[in-house]
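These are the residues of each chain, in order.
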Amino acid sequence: MTTRAFPELDTGFVAPITAHSTPITISKDRNVSGPKIDHSAAATSELILDAAPKATSSTVGQLEEARVLLDQDDHEGAWAICDHLIQMPDLPLNTAVKVALLAKEIGQTEIAEAIFSDAYTQITTNLDRIKDPEHAMLPAAEALADMGYYDDAEALCRKAIAQAPDNLTVAVGYVAFLVYRKRENEAVQVADTFHADAKPKFDIAFHFATIFDHLGGKAGARAFLERAETHCKTKTQRARLDFLSASVGLSKTDLDQHGMAVELFDGFAKDYDKQLTKLDNNGPSMVFTALEELQLPKNASRRILDAGCGTGLCAGFLRPYAKELFGVDLSVKMLEISREKGGYDFLARTDLSEIVTFPEGKFDMIVCADVLTYFGALNIVIGHFSKILAPGGWLLLTVENENDPKVPNGFKLYSSGRHKHTVEYMTKTLTGAGFSKPKLLKHARLRNELGAPIYGTLIAVQKPALLFG
């Protein structure tokens, strides 16, 4: 029962369990009992088990923090978070199960088994009230699978998709369950059945390709990339398709990273801020925090370049440091939105890989947040930054963490269309471009993706000042 059966489903594929009409809570006497259904409600009322997005994000974040501490052998810190979650008055039921899995790893076996026992009992004795395929059956199946009750979980998955054959969330949840159970061929059949009657064809096929890739189902990912290929009609669709194809190992002789980035961000510009809010984007906040920690004077004395400014998310907190604030981006539509917002003194379309497109003159600070993930090798871009920085100038950047030291070249392209870079690669590349040792190197959550936190690194380095004498 210690195996986590839906490794990704708590991160957005299946909604974690809570009860709105009938609260599910954890008993304060956590040594003897786990999640409880309040039977004061009518016994025949339907049980709705999906959590509010804000509550889900909060509990998932705390669980991930506990996992990080446990991986660092900080059992005391991990247990403190688990204990806090257990004592929450309305803890979602499947969150309680995930807490129990962590608690068991920590060594709190008695508490874990009590939660498992109560969770299983509460689900199986209330099956007649678990009626909604997406908001009750599938979340209950997730909790059962997390506890190792695979047959019970699959029965609910089958029931859910039989009742809601046109519900994408239900189909994805069942697909994910089958992939985890090493039944990828069956998962492809389920996805094919859904795709046959679904529209828009490209978007659905691409979504399944992304899901399969995210779950490690490479055969399924490639199969649905082929299906998406047959329905690819626009440049933006081609950009998305080529990015994902490259990440799963399908070579593209005509892969045009520059063109793909333009298409992706021009198409994304209108809803960019809204989508980043939904993803709980933390990149600009990491830069803001770093500037505060460096304690640089806010005396409006610097010529600052926001490299890859997008819709201007960094402009507000860069303004107090800037005598002149430049914003550059590859996407004209992003720049148009930045212009509407105001905040920059100058805006220009710039390709960071082509130094001739940069604004003229030297800069005292360059900020590059949530941009370098769209590049693989960074030696050219960082080399350009070094050339246009004045002696003593600062460079602050963020990248996504690549934790696999065996990754060739120190970076890897993922199905998200973004690259992850190792710290070793970053420090080596910065040193090669003439920068000093990083003044700050901090790891933190950049954003959420498919509900799961994506961790990144913020680096602040300074170009050496000129030496005289």
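What counts, and where the lines are drawn
- Residues numbered from 1 in each chain as written.
- Predicted model: local features only at pLDDT ≥ 70, side-chain atom pairs only at ≥ 80, totals over all residues.
- Heavy atoms only, no water.
- Salt bridge = Lys/Arg side-chain N within 4 Å of Asp/Glu carboxyl O.
- Helix = DSSP H or I, 4+ residues; strand = E, 2+ residues; numbered from the N terminus.
- Buried < 20%, exposed > 50% of the residue type's maximum accessible area, 1.4 Å probe, protein only.
- Pairing = 2+ DSSP bridges.
- Right-handed = clockwise from strand over helix to strand, strands pointing away.
- Expected span 1.5 Å × (residues − 1).
- Arc of directions from axis to C-beta.
- Contact = heavy atoms within 4.5 Å.

Turning next to the pattern of salt bridges. Tallied over the full model, the rule gives 13 salt bridges. Notably, a salt bridge pairs Glu 142 with Lys 98, separated by 3.1 Å at the nearest N-O pair. Of this pair, Glu 142 sits in helix α5 (residues 133-146) while Lys 98 sits in helix α3 (residues 93-106), placing them 44 residues apart in sequence. We classify Lys 98 as buried; its relative accessible area is 6%. Put simply, Glu 293 and Lys 442 hold a salt bridge, and the shortest N to O gap is 3.4 Å. Placement of Glu 293 in helix α14 (residues 283-294) and of Lys 442 in strand β10 (residues 440-449) is noted, with a sequence separation of 149 residues between them. Overall, Glu 293 belongs to the partly exposed group, its relative accessible area being 41%. Owing to a relative accessible area of 36%, Lys 442 belongs among the partly exposed residues under this scheme. One continuous salt-bridge network, built from bridges that share partners, spans Glu 154, Arg 158, Arg 183 and Glu 186.

Quick look at the pairing of strand β5 (residues 346-349) now. By the bridge criterion, four bridges tie strand β4 (residues 322-329) to β5 in an arrangement that is parallel. Note on β5: the bridge partner recorded for Phe 326 is Phe 346. Regarding topology, helix α16 (residues 332-341) serves as the crossover connection from β4 to the parallel β5, and that connection is right-handed.

Turning our attention to helix α8 (residues 184-197). Helix length check: α8, at 14 residues, gives a terminal C-alpha distance of 21 Å against a target of 20 Å (1.5 Å per residue), a fit within 8%. Ala 187, Val 188, Val 190, Ala 191, Phe 194 and His 195 are the residues of α8 that are buried. Along the axis of α8, the buried residues cluster in a sector spanning 160°; they form a single face. Exposed residues lying more than 90 degrees from the buried face of α8 are Asn 185, Gln 189, Thr 193, Ala 196 and Asp 197. In this fold, the buried residues of α8 make contact with α6 (150-163), α7 (168-180), α9 (201-214) and α10 (218-229).

We now examine the environment of Met 286. Relative to the elements of secondary structure, Met 286 occurs in helix α14. Met 286 sits in the buried class, given a relative accessible area of 9%. Here the alpha-carbon distance between Met 286 and Ile 459, two residues 173 residues apart in the chain, equals 9.8 Å.

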